Amino acid sequence: MITPNMHYCDLKDSYLFFNIAKKTKAYLEEHPGTHLYRMGIGDVSLPLCDAVIKALHEAVDDQASPERFHGYMPEPGAPFLRTTIAEYYRKRGIDLADDEVFVSSGASDELGDILDLFDRGGSSLVIEPAYPAYVDANVMAGRKVVHLASGKENGFLPDPSDDAKADLLYICSPNNPTGAVFNREQLKRWVDFANENGSVILFDAAYEAFIEEDHLPRSIMEIEGAKKCAIEICSFSKTAGFTGTRLGYTIIPKDLVRNGMCFNDMWVRNRTTKTNGVSYIIQKGGAAVFTEEGQKQIRANIRFYKENAKILTDALDSLGIWYTGGKNAPYIWMKCPNGMGSWEFFDYLLHEIQVVGTPGEGFGACGEGFFRFSTFGNREDTIEAAKRLKKLLG
Ligand code: PLP
């Protein structure tokens, strides 16, 4: 009889969003017709921008034309999109070759799949609080997970230390859930640490487009030495509203070599075996993000979410509540008031002011006592949620 992958037994139940859904459902059953102010969602609310929609329509028409029809796409990505993305980096002074860019169907897919490149017996460092997929993907793959707690004392941006030694190092900046962003010096310390120990950094840049302070790095490839130790995983989901459309990309520098094996070559081999490329239509839509029009339009959408963030952070500022994020990220991570626990605060907000957020404890034990607000909601709800928070906690 076949033996299942027994590592699935080591997965913790993903109770976070399940519990939130259960509690809100129970509340609505007790209070039918009540409107909830949902500040917990990690999904975008604005539709795709016009430039992308136009490109998608044109690509659909291409597929109806015998001359312009596309079948299987090259597995590592369409040349037009790889060049466009590499250009986006080159314009920011990062020297990348087109074939150091791989097109993916999203960062989540890639964060799991990329583990194929590494020995199963290895270890992975996860800086917590963290996006839950890092731990789960490693547990499923049978890898050892090393947890590094961060906290208010280091602004949720810990430095490397002996406790942080592992083969793979996950770094997410801007961070989900904390919204904190590593500066150049802090990131350089992680790059040096990885190079000294022969580790590889998996840099999750899903929120890079939200960085508005120019001195902060938007790519780990901006840091000297990174091309010898880092893979960058990025997504169109939050940058351009592709959560339901699905597109991402991964940077694997050719200088990233261990035991004489080049990870870029290995990933070409992997993709050509395990995928048949990303849809032509979607890649065309993705390329439109980088046109002048596309950039203007996605920036306007990001600005909208930033205005939501400002409404919420103004409320927290006026209450004197400590938080990170909001400025260079779509998440705000606040300290629960009066020593309340994360779930206690969740229940308090739900029952008193009908605001729904995400308890910090769900992102790792060190998230206890903190709470995440997403700024992807609609404007009216954000304004009302901020008003209610001020009244309740003032
Ligand atoms: N990485 C982080 C940190 C995220 O927060 C998310 C989604 O919320 C993802 C990756 C997944 O992105 P995608 O939609 O491209 O799979």
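Conventions and cut-offs
Residues numbered from 1 in each chain as written. Predicted model: local features only at pLDDT ≥ 70, side-chain atom pairs only at ≥ 80, totals over all residues. Heavy atoms only, no water. Domains from an automatic or database assignment. Contact = heavy atoms within 4.5 Å. Buried area = accessible area lost by both parts, 1.4 Å probe. Pairing = 2+ DSSP bridges. Helix = DSSP H or I, 4+ residues; strand = E, 2+ residues; numbered from the N terminus. Buried < 20%, exposed > 50% of the residue type's maximum accessible area, 1.4 Å probe, protein only.

Novice: Describe in detail the domain arrangement of the protein, supporting the description with residues and values.
Specialist: In terms of domains, the protein is made up of domain 1 (6–47 + 299–393) and domain 2 (50–292). Once you take the C-alpha centre of each, domain 1 and domain 2 turn out to be 26 Å apart. Contact with domain 1, which involves 27 residues of that partner, is made by 35 residues of domain 2. In total, about 2700 Å² of surface goes out of reach between domain 1 and domain 2, with carbon and sulfur atoms giving 64% of it.

Novice: Which residues make up the sheet that holds strand E11 (residues 323–325), and what values do they have?
Specialist: In spatial order, the strands read E11-E12-E15-E14; together these four strands make up an open sheet with antiparallel pairing. At either margin of the open sheet sits one strand with a lone partner, and together these are E11 and strand E14 (358–359). Bridge count for strand E12 (residues 331–335) against strand E15 (residues 370–374) is five bridges, and the pairing is antiparallel. Across the sheet, the residue bridging to Trp-333 is Arg-372, located in E15.

Novice: Tell me what's going on with unusual backbone geometry, and back it up with residues and numbers.
Specialist: With omega at -5°, the peptide bond leading from Ser-173 into Pro-174 counts as cis. Mapping Pro-174 onto the fold places it in the loop between strand E5 (168–172) and helix H6 (184–197). A cis amide bond links Asn-176 with the next residue in sequence, Pro-177, at an omega value of 20°. With respect to the secondary-structure elements, Pro-177 resides in the loop between E5 and H6. One non-glycine residue, Arg-246, lies in the positive phi region at around 75°. Mapping Arg-246 onto the fold places it in the loop between helix H7 (237–240) and strand E8 (248–251). The class for Arg-246 is partly exposed, based on a relative accessible area of 30%. For Gln-354, which is not glycine, the phi dihedral falls at a positive 60°. Looking at where Gln-354 falls in the secondary structure, it is placed in the loop between helix H11 (342–353) and strand E13 (355–356). For Gln-354, a relative accessible area of 11% corresponds to the buried category.

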